[in-house]
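# Understanding the architecture of this molecule
Next come the chains, spelled out residue by residue.
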Amino acid sequence: MGYHAYDPKIYQKKVERIDDPIFQNYQKEEIRYIRRNIENPKQKTVIEIGAGYGRGVKRLARIGKEVIGVELGDRMYDALKENVRNLNNVTVIHGDAAKLSSLVGNVESPAIVLLQNTVGIFGKDLNKILLEMKKVAEEGRGEIIISAFNSCSLRAWGVPIIYKKAQDVVGENDPEKTDYERGIFATKSGYVSKWWTPDEMRGMAELLGGKRRELCVNNYYQILHVSYSS
Ligand SMILES: C[S@@+](CC[C@H](N)C(=O)[O-])C[C@H]1O[C@@H](n2cnc3c(N)ncnc32)[C@H](O)[C@@H]1O
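Since the structure is predicted, the reported quantities are computational estimates derived from the model, not experimental observations.

What counts, and where the lines are drawn
Residues numbered from 1 in each chain as written. Predicted model: local features only at pLDDT ≥ 70, side-chain atom pairs only at ≥ 80, totals over all residues. Heavy atoms only, no water. Pairing = 2+ DSSP bridges. Helix = DSSP H or I, 4+ residues; strand = E, 2+ residues; numbered from the N terminus. Axes fitted to C-alpha atoms, helices over the stretch in contact; angles between N-to-C directions. Buried < 20%, exposed > 50% of the residue type's maximum accessible area, 1.4 Å probe, protein only. Contact = heavy atoms within 4.5 Å. Parallel < 35°, antiparallel > 145°, perpendicular 65-115°, else oblique. Left-handed = near helix turned anticlockwise from the far one by under 90°. Nonpolar A, V, L, I, M, F, W, Y, C, P; charged D, E, K, R; others polar. Near = heavy atom within 4 Å. Polar contact = N/O pair within 3.5 Å; in protein donor to acceptor, adjacent residues only side chain to side chain. Salt bridge = Lys/Arg side-chain N within 4 Å of Asp/Glu carboxyl O.

Let us now look at the sheet that holds strand S9 (residues 221-227). Taken in spatial order, the seven strands line up as S3-S2-S1-S4-S5-S9-S8 in an open sheet, and their pairing is mixed. Two strands lie at the open edges of the sheet, namely strand S3 (90-94) and strand S8 (212-217), each paired on one side alone. Across this sheet, the average inter-strand angle for adjacent strands is 15 degrees, counted without regard to direction. Relative to strand S5 (residues 143-149), strand S4 (residues 110-114) runs parallel, the two being bridged by four bridges.

Our next topic: the environment of Ile 121. Relative to the helices and strands, Ile 121 is located in the loop between S4 and helix H6 (126-139). On the basis of relative accessible area, Ile 121 is assigned to the partly exposed category, the value being 26%. A C-alpha to C-alpha distance of 20 Å links Ile 121 and Lys 13, two positions 108 residues apart in sequence. Not counting chain neighbours up to four residues away, the residues in contact with Ile 121 comprise Tyr 6, Tyr 191, Val 192 and Ser 193.

With that settled, the discussion passes to the packing of H6 against helix H9 (residues 198-208). Relative orientation of the contacting elements H6 and H9 amounts to 50 degrees, with a least axis distance of 9 Å. For the element pair H6 / H9, the angle class is oblique. Between H6 and H9 lies a crossing whose hand is right-handed. Counting all contacts with H6, which are made through Asn 127, Leu 130, Leu 131 and Lys 134, the residues of H9 involved are Met 204, Leu 207 and Leu 208. Split into classes, the residues belonging to the contact of H6 with H9 amount to five nonpolar, one polar and one charged.

Around the ligand lies a shell of 21 residues, among which Tyr 3, Glu 48, Gly 50, Arg 55 and Glu 71 are the nearest. A distance of 2.5 Å separates an oxygen atom of the ligand from a polar atom in the side chain of Glu 71. Grouping the constituent residues of the shell around the ligand by class yields eleven nonpolar, six polar and four charged.

To continue, consider the pattern of salt bridges. The full count for this structure, using the stated rule, is 14 salt bridges. The partner of Asp 7 in a salt bridge is Arg 75, with the nearest N and O atoms 3.4 Å apart. Residue Asp 7 is found in the segment before helix H1 (8-16), and its partner Arg 75 is found in helix H4 (residues 74-83); the two are separated by 68 residues along the sequence. The exposure class assigned to Asp 7 is partly exposed, which follows from its relative accessible area of 25%. Glu 82 is paired through a salt bridge with Arg 85; the nearest N and O atoms lie 2.8 Å apart. Judged by its relative accessible area of 42%, Glu 82 is partly exposed. Here Arg 85 falls in the exposed class, since its relative accessible area comes to 55%.

Next up, the structure:
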């Protein structure tokens, strides 16, 4: 899976505003989960990896003490910087999550979050990025929250509804490469996103370790929560 560069304006119009009630509820639910479940939010530095143009960061800024948005894409980063310029508790970093620990240094009490199935587009860098997240979260006695799509809905919801509506962002489905058994969505222009079984999410939890683990699952999405606080 190669890196896919998004256009922030088209992304906001075609993804954030997808007219699907389940998707809209999902976007609210992942933020609500963070607000209700992170420990001592007003003492936390929330680090959003793959922050895009700032959809999540704007909301996370009202939850945490500080927020750091990390974004790799050039145009997404420029839009992110612009969109948070009036938020005085937000810092943005233009860089690759595979180098997270050197990008953010030591962060006391971090809550590292991956929203909107960003975990599905890391491809071969997935484990490297998860281990970088673990390193930063463990050292700062913080937590990790990963919000991801459930692969059992890729066939009936993901491909025909969500990715169809977001076609201007991701490209046209490639039925030769999309693989429902493995939870892989692929397009003719080379975009690839992995959707997950609950067992695969448990596998991520094993890799991350930590003291407390929650995995909230419904047919469409799942939220994994790991804590390293003592
Ligand atoms: C699915 S979008 C989600 C955007 C945003 N989190 C949201 O929920 O609206 C994933 C974002 O992750 C960024 N990204 C992909 N790989 C990355 C990496 N290795 N490091 C940092 N950002 C990355 C992409 O450029 C994109 O903006």
